[in-house]
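Architecture and fold: a report
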Amino acid sequence: MGKDDNYWNTGQPGPGGPCSEIYYDRGENYGDDTWGDYAETRESARFLEVWNLVFPQFDRQDLDANGQPVLKDLPFKNIDTGMGLERVSAVLQHVHSNYEIDLFQNLLKASAEAIGCANDDAPSLKVVADHIRSCSFLIADGVLPSNEGRGYVLRRIIRRACRHGNKLGARGTFFHKIVAALVAEMGDAFPELKQQQAHIERVLKTEEEQFAKTLEQGLKILEQDLAELQGSVIPGNVVFKLYDTYGFPVDLTNDIARERELTAPLRREADAVIDTSNLNVHQLRRRIITEFTMDHATGLSLLFESFAYKRGVPAEADFVFDARVLPNPHWDPELRSLTGTNLEPSP
């Protein structure tokens, strides 16, 4: 097999090498397509990938004169292996999906009891059961909800789980109540869950209570705006207003938009108007970082790319920050001092 079939790399440039995948054939009851069909379409319920192995041995460089990537040997070669534990469990337990294995069945039951809803295979219930694991392990590893870095990842996961519980009719806090069921399932294999159960529950409950206020108010405002929506695109100023005025996360607005087959501007492409008349470039950068939940380096990069784009200067990036920023003539020297780059157009 050639590189088209069994070669993996991170991109260009970057490490890569041959790869191998292990599949399980679940039989004709899952379809009459052949392995050849799957190899061509990569779509099949019959063939389930349970293991992946990558052998990084090359450092892929830029293209040569013939348009081919230059491959150099990595100084340290290794094997990158990943096995889907839930998928193997599904195979061994002869069930159709990961959510039907014994571990998830117990978490789904506990989630339904905590929410007060039927355990009826609802997608939102699966979200809650899945997220209690990731949140609990993150907190056990020392991560706390915040607005930066991994803490913000944790906060987003907690809030997403809370919103899906709310969709199922949850009243009050519920997410922290599922920790006990998780400890019963995985506490023997991961004793840190047992040791920190009370701490995990406290952190989750505090975050739930804080988010409940934001969620209730933000959903009301969003529903009002959606009732007046013409077309299938939620205006960027609505997304911006929800976050700027009510603290409603942009990623949740996008989740709701997808569920209703609407589109909303991605956080890096929101067409929000930012009045800069009383802001210097440092203050604007902080606004962008805060309102669009970016780290400082990304905020500065996007700010530079936006200004470079508006001035006709090529900016090497996959996207351009598309906020309608009201011009401020005092920014050019400040931007030059921050980036060391002249933002004037090339002749």
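Structure shown above.
Read on for a plain summary of the structure. (Residues numbered from 1 in each chain as written. Predicted model: local features only at pLDDT ≥ 70, side-chain atom pairs only at ≥ 80, totals over all residues. Heavy atoms only, no water.)

1. Details of helix H4 (residues 102-115)
How we decide: Here a strand is any run of E in DSSP of at least two residues, a helix any run of H or I of at least four, and the numbering for each starts at the N terminus. How far a helix is expected to stretch is found by multiplying one less than its residue total by 1.5 Å. Working definition: with a 1.4 Å probe on protein chains only, accessible area under 20% of the residue-type maximum means buried, over 50% means exposed, and in between means partly exposed. In this analysis, two residues are considered to be in contact whenever any of their non-hydrogen atoms come within 4.5 Å of each other.
Here H4 contains 14 residues, and its C-alpha end-to-end distance of 20 Å stays within 8% of the 20 Å for a straight helix at 1.5 Å per residue. By the burial criterion, the buried members of H4 are Leu103, Phe104, Leu107, Leu108, Ala110, Ser111, Ala112, Ala114 and Ile115. Against helix H3 (85-92), helix H5 (123-140), helix H6 (149-167) and helix H7 (179-186) lie the buried residues of H4. Following H4 by one or two positions, Gly116 adopts a phi angle in the positive range, close to 85 degrees.

2. Quick look at the pattern of salt bridges
Pairing between side chains becomes possible if they bear opposite charge and their charged atoms approach one another. As a reminder, the rule being used: Each reported salt bridge corresponds to a side-chain nitrogen of Lys or Arg within 4 Å of a carboxyl oxygen of Asp or Glu.
In total, this model carries 11 salt bridges according to the counting rule given. A salt bridge links Glu259 to Arg163, with the nearest nitrogen and oxygen atoms 2.9 Å apart. One end of the pair, Glu259, is in helix H11 (residues 250-259); the other, Arg163, is in helix H6, and 96 residues separate them in sequence. One salt-bridge network, in which partners are shared between bridges, spans Arg155, Arg159 and Glu207.

3. Regarding the pairing of strand S4 (residues 58-63)
Keep this limit in mind: For two strands to be treated as a pair, DSSP must find no fewer than two bridges joining them.
Bridge analysis of strand S2 (residues 14-25) against S4 gives three bridges, and the strand direction is antiparallel. Along S4, the bridge assignment pairs Gly16 with Phe58. Where S4 lies against strand S5 (residues 69-73), four bridges are found, and the strand directions are antiparallel. When the bridges of S5 are listed, Asp59 appears paired with Lys72.

4. Quick word on the nonpolar core
For the record, the criterion: To qualify as a nonpolar core, a set must consist of buried Ala, Val, Leu, Ile, Met, Phe, Trp, Tyr and Cys residues joined through side-chain atoms within 4.5 Å.
The biggest cluster of nonpolar side chains holds 57 residues, and the ones touching the most others in it are Phe174, Phe175, Ile178, Leu193, Leu204, Ile234 and Phe248. Of all elements in the fold, only H4, H5, H6, H7, helix H9 (197-227), helix H10 (236-246) and H11 reach the threshold of two or more residues within this core. The biggest single contributor to this core is H9, with nine residues. Look past the residues within four positions of Leu204 in its chain and what remains in contact with it is Ile132, Cys135, Ser136, Ile139, Ile158, Phe175, His176 and Val179.

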